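Close look at the chain arrangement
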Amino acid sequence: MNWPDTIQAGETEQHELLVRRVLAPNPSPYTYTGTQTWLVGAGKDVAIIDPGPTGSGHSVGDPADIHGEGHVEAILRAVGGKTVTAILCTHTHRDHSPAAAPLKAATGAPIVGCAPLVLKDDGPRADSAFDPDYAPDRILADGERISGDGWTIEAVSTPGHTSNHLCYALIESGALFTGDHVMKWSTSVVSPPDGDMSAYMASLQKLFDRDDRVYYPAHGPAVENPRQLVRGMIGHRRQRERQIVKLLATGEGHIPDMVAAMYKGLDPRLTGAAGRSVLAHLVDLQNRGEAMMRSDLWHLSGNAPIH
């Protein structure tokens, strides 16, 4: 999908009466044009959703997707003279939550939303690593609400991309801020051990059963046909699972070779992400008793259905 963004990093764009976005300076193969920080509220106070990165992007080993120089200042310019009621994070990858702390220091607003999570992965990460310094003042459970002048935000628990992922529903307008759970430009990376394909599929179904009017993801364009997109995403993941089962049935059980067979024409920079999602499907099949690992290769088990 070729989507020319309508704003540059540091600029603010109005999307509807209660919703504005500020674009972070961290474009990458995993963040598209950058992390989108959403400001909710048109009255005397606002909420900030997904404050974004703070990294320089220049340190050895730092990926481009955590580059956040100037982003906190851009958010504060967008806030203007309004009071910040809450700083909310959908999850704690380093392209989403690190700016929460300096924004709290600058505004006095509490950090509210997803639970903290610090995890050492079992392999190379394909997307941004977790933020170990995230420290919320209040954790929101599924269905809990916070409110301000003319707006109400409800937490919608959507584990899968990460175990602590939340979406946020704006009650007054029917908008849902989907973080990395649902995006129009790309499927979400599901990277074990914290990423869980079974939970991700259940969370997709949960959103399909809702009636949200529009999705505002953390990366890429707004989704104006939410249920249609989610239906397609569920079908896409089921198709990927069928591909994996067929490859296992032929004796192919090496993940890099499976990625090469399944993802024709894939940008080489995204090979790691594809491998993590294949692993997530395999772990899900293993948990259902349909696949197993033996001698460093994946195989079908005797319980695997015929697709």
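Along each chain, the written sequence defines residue order, and numbers are assigned to residues from 1. Totals for whole chains, interfaces and linings use every residue, but because this is a predicted model, local features are given only for residues with pLDDT of at least 70 and side-chain atom pairs only at 80 or more, for both listing and counting. The side-chain numbers reported here are obtained from all heavy atoms of the structure, hydrogens and water having been left aside.

**So, the overall build of the protein**
The line we're drawing: Each helix is a run of DSSP H or I of at least 4 residues and each strand a run of E of at least 2, with the numbering of both proceeding from the N terminus. It is over C-alpha atoms that the radius of gyration is taken, and the globule rule equals 2.2 Å times the number of residues to the power 0.38. Any two residues whose heavy atoms approach within 4.5 Å are treated as being in contact. For the area figures, the Shrake-Rupley method with a 1.4 Å probe applies, and any residue is considered shielded solely by the protein chains shown. As used throughout, the charge tally considers Lys and Arg to be positive and Asp and Glu to be negative, leaving His and the chain termini uncounted. A single reference atom marks each charge: NZ on Lys, CZ on Arg, CG on Asp, CD on Glu.
Secondary structure summary: the protein contains 6 helices and 14 strands in total. Against the compact-globule benchmark of 19 Å for 307 residues, the protein has a radius of gyration of 19 Å, which places it among compact chains. Taken over the C-alpha atoms alone, the protein extends approximately 65 × 45 × 35 Å along its principal axes. A fraction of 60% describes how many contacts in the protein between residues 6 or more apart in sequence connect residues 24 or more apart. Taken as a whole, the protein presents about 12,900 Å² of accessible surface, with 52% of it coming from carbon and sulfur. Of the charged side chains in the protein, 27 are positive and 36 negative, and the gap between their average positions amounts to 5 Å.

**A few points about the pairing of strand E9 (residues 151-157)**
Defined as follows: Each residue's exposure class comes from its accessible area (1.4 Å probe, protein chains only) as a fraction of the maximum for that residue type: buried when under 20%, exposed when over 50%, partly exposed otherwise. Pairing between two strands requires that DSSP report at least two bridges joining them.
Along E9, 6 of the 7 residues are buried, which leaves the element largely enclosed by surrounding structure. Across 4 bridges, strand E8 (residues 145-148) lies against E9 in antiparallel orientation. Of the residues in E9, the one forming a bridge with arginine 145 is glutamate 154. Between E8 and E9, which pair antiparallel one after the other, the connecting turn spans 2 residues, and glycine 150 there sits at a positive phi close to 85°.

**Side note on the sheet that holds strand E12 (residues 214-217)**
To keep it simple, the criterion reads: Helix axes are fitted to C-alpha atoms over the stretch in contact, other axes to C-alpha atoms as well, and angles between N-to-C directions run from 0 to 180 degrees.
Strand order in this open sheet of 5 strands is E8-E9-E10-E11-E12, and the pairing throughout is mixed. Bordering the open sheet on either side are E8 and E12, each of which pairs with just one other strand. Each strand of the sheet is rotated relative to its neighbour by a mean of 25°, with strand direction disregarded. Looking at chain direction, strand E11 (residues 175-179) and E12 are connected through 4 bridges and run parallel. Bridging from a neighbouring strand, leucine 176 pairs with tyrosine 215 of E12.

**Re the state of the cysteines**
Under the convention used in this document: Pairs of cysteine sulfur atoms within 2.5 Å are identified as disulfides in what follows.
According to the stated counting rule, one finds 0 disulfides in the structure shown. The structure places no disulfide on cysteine 114, whose sulfur is separated from the nearest cysteine sulfur, that of cysteine 89, by 5.5 Å. When its relative accessible area of 1% is taken as the criterion, cysteine 114 is described as buried. Unpaired in this structure, cysteine 167 has its nearest cysteine sulfur neighbour in cysteine 114, at a distance of 11 Å.

**Observations concerning the packing of aromatic side chains**
Quick note on the threshold: Two aromatic rings, drawn from Phe, Tyr or Trp (for Trp, its six-membered ring), form a pair once their centres lie within 6.5 Å of each other, and the interplanar angle then sorts them: stacked below 30 degrees, edge-to-face above 60, tilted otherwise. In our convention, an over-ring charge means Lys NZ or Arg CZ found within 6 Å of a ring centre and within 35 degrees of that ring's normal.
A complete count under the given rule lists 4 aromatic pairs for this structure. Measuring from ring centre to ring centre gives 4.4 Å for tyrosine 32 and tryptophan 185, while their planes differ by 5°; the resulting arrangement is stacked. Within this pair, whereas tyrosine 32 is found in the loop between strand E2 (19-23) and strand E3 (36-40), its partner tryptophan 185 is found in the loop between E11 and helix H3 (197-208), the two being separated by 153 residues in sequence. Here the aromatic cluster, defined as three or more aromatic residues joined through ring pairs, consists of Trp38, Phe177 and Tyr216. Its end group placed over the ring of phenylalanine 208, arginine 227 keeps NZ or CZ at 4.0 Å from the ring centre.

**A few points about the pattern of salt bridges**
Going by this rule: The term salt bridge refers to a side-chain nitrogen of Lys or Arg lying within 4 Å of a carboxyl oxygen of Asp or Glu.
Within this structure, the stated rule accounts for 12 salt bridges. One salt bridge in this structure joins aspartate 137 and lysine 104, with 2.9 Å as the shortest N-O distance. Highlighted residues: aspartate 137 in the loop between strand E6 (111-113) and strand E7 (138-139) and lysine 104 in helix H2 (residues 100-107), separated in sequence by 33 residues. Here aspartate 137 falls in the partly exposed class, since its relative accessible area comes to 43%. Looking at lysine 104, the relative accessible area reads 30%, which means it is partly exposed. Among the salt bridges present, the one from aspartate 267 reaches arginine 269, with a minimum N-O distance of 2.8 Å. One salt-bridge network, in which partners are shared between bridges, spans Glu241, Asp284, Arg288 and Glu290.

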